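# Architecture at a glance
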Amino acid sequence: MSTDRPDMRISDAERELVVAQLNAAVAEGRLTLSEFEDRVDGVLRSRTFGEIEPYVGDLPHKGPIAVPEQLEIRNRSSSLKRQGRWTVSRRLLISTRAGSVKLDFTEAVFTSPVVEVQLEARSSSIDLVLPRGATADIGSIAPHASSVKQKVPAAYDQPGQGVIFRIGGEVRSSSVRVRYQRRFWRWRW
């Protein structure tokens, strides 16, 4: 992994890309498992791009997979749940009819500091679980015989804290909840 400034600090997301590159090298047979373990330990301890270079300098560099600018989620009479580590596009389109959609962003990787969410829901429930520090703006949602609840701070209340979700669209006979992850002892939901 090379950059113009080897003294520049590396982010967690960039560090994860390097670990994925090492994982691919093991799958291709370029590294043994012991080499992989040593290199991953070194990468996780690294703070700058210059410190990462010895661990991946002898491996072929493959460019990162481009994340689409927009992700469309369609759901019809079903239950759809997305959680764990996933990459969030800058714009999400959620279309659901007579179903439930739960998107858990707590472990997600964001490509942009602002995520635009466009809803189109009929007789459905949508549950958006945001990471701690994220804010939301739900002023553009047009509810018709629906329930819209926001249990996170508004974007204008805490500017500059974390990822900003701008949520809009039209919901009919549906419920929308925007919240943080709940925790009780060891349980999370």
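A brief report on the enclosed structure follows. The shown structure was predicted, so the numbers you read here are calculated from the model rather than taken from an experiment.

### Structural notes on the overall build of the chain
In terms of regular secondary structure, the chain is built from three helices and 14 strands. Counting only C-alpha atoms, the chain reaches 60 × 35 × 35 Å along its principal axes. For the chain, the proportion of contacts with a sequence separation of at least 24, taken over those separated by at least 6, is 64%. If you sum the accessible surface of the chain, you get close to 11200 Å²; carbon and sulfur atoms cover 49% of it. The centroid of the 29 positive side-chain charges in the chain is displaced by 11 Å from the centroid of its 23 negative side-chain charges.

### So, the sheet that holds strand β5 (residues 100-104)
Spatially, β2-β5-β8-β12-β10 is the arrangement adopted by the five strands of the open sheet, whose pairing is parallel. Each edge of the open sheet carries a strand with a single partner, namely β2 (79-82) and β10 (147-150). Sheet twist, expressed as the average angle between the axes of neighbouring strands with direction ignored, equals 5 degrees. Taken together, the four bridges between β2 and β5 define a ladder with parallel strand orientation. Bridged to S79 within β5 is S100.

### As for the side chain of R15
Topologically, R15 is positioned in helix α1 (residues 12-28). One polar contact links the side chain of R15 to the main-chain carbonyl oxygen of S46, over a distance of 3.0 Å. If we skip the residues at most four places from it in the chain, R15 touches I10, V43, L44, S46 and R47.

### What about the packing of α1 against helix α3 (residues 49-56)?
In a packed pair of helices, the relevant descriptors are the angle between the two axes and the axis-to-axis distance. Contact geometry of α1 with α3 gives a least axis separation of 11 Å together with a crossing angle of 5 degrees. By the angle between their directions, the pair α1 and α3 is classed as roughly parallel. Side by side, α1 and α3 meet where E14, V18, Q21 and L22 of the first sit next to F49, I52, Y55 and V56 of the second.

### Here's the deal with the sheet that holds strand β1 (residues 70-76)
As summarised here, the arrangement of the five strands in space is β1-β4-β7-β11-β9, forming an open sheet in which the pairing is parallel. A strand with exactly one partner marks an edge of an open sheet, and here the two such strands are β1 and β9 (135-144). Taken pair by pair, the neighbouring strands of this sheet meet at an average axis angle of 10 degrees, ignoring direction. Across eight bridges, the pairing between β9 and strand β11 (residues 164-172) is parallel. Within β11, the position partnered with T135 by the bridge is I164.

### A word on α3
Taken together, the buried positions of α3 are occupied by F49, I52 and V56. Down the axis of α3, the buried set is contained in an arc of 55 degrees. They therefore lie on one face. Among the structural elements, α1 and α2 (33-45) are those in contact with the buried residues of α3.

### Notes on the nonpolar core
Membership of the largest hydrophobic core comes to 28 residues, with the highest contact counts inside it found for I94, F105, L119, L130, F165, I167 and V178. Within the residue set of this core, elements represented by two or more residues are β4 (91-97), β5, β7 (114-122), β8 (125-130), β9, β11 and β12 (175-180). With four residues, β7 is the largest single contributor of residues to this core.

### Some thoughts on the pairing of β7
Side chains V115, V117, L119 and A121 of β7 all project onto a buried face; the interleaved residues V114, E116, Q118, E120 and R122 project onto a face where none is buried. With seven bridges connecting them, β4 and β7 associate as parallel partners. Looking at β7, one finds that R91 is bridged to E116. By the bridge criterion, nine bridges tie β7 to β11 in an arrangement that is parallel. Looking across to β11, one finds that E120 is bridged to E170.

### Quick look at unusual backbone geometry
Despite not being glycine, S77 shows a phi value in the positive range, around 50 degrees. Residue position: S77 is located in the loop between β1 and β2. A relative accessible area of 58% places S77 in the exposed class. Although it is not a glycine, A98 adopts a positive phi angle of roughly 50 degrees.

Scoring rules and cut-offs
Residues numbered from 1 in each chain as written. Predicted model: local features only at pLDDT ≥ 70, side-chain atom pairs only at ≥ 80, totals over all residues. Heavy atoms only, no water. Helix = DSSP H or I, 4+ residues; strand = E, 2+ residues; numbered from the N terminus. Contact = heavy atoms within 4.5 Å. Areas by Shrake-Rupley, 256 points an atom, 1.4 Å probe, with all protein chains shown as cover. Lys, Arg positive; Asp, Glu negative; His and termini not counted. Charge placed at Lys NZ, Arg CZ, Asp CG, Glu CD. Pairing = 2+ DSSP bridges. Axes fitted to C-alpha atoms, helices over the stretch in contact; angles between N-to-C directions. Polar contact = N/O pair within 3.5 Å; in protein donor to acceptor, adjacent residues only side chain to side chain. Parallel < 35°, antiparallel > 145°, perpendicular 65-115°, else oblique. Buried < 20%, exposed > 50% of the residue type's maximum accessible area, 1.4 Å probe, protein only. Arc of directions from axis to C-beta. Core = buried A, V, L, I, M, F, W, Y, C linked by side-chain atoms within 4.5 Å.

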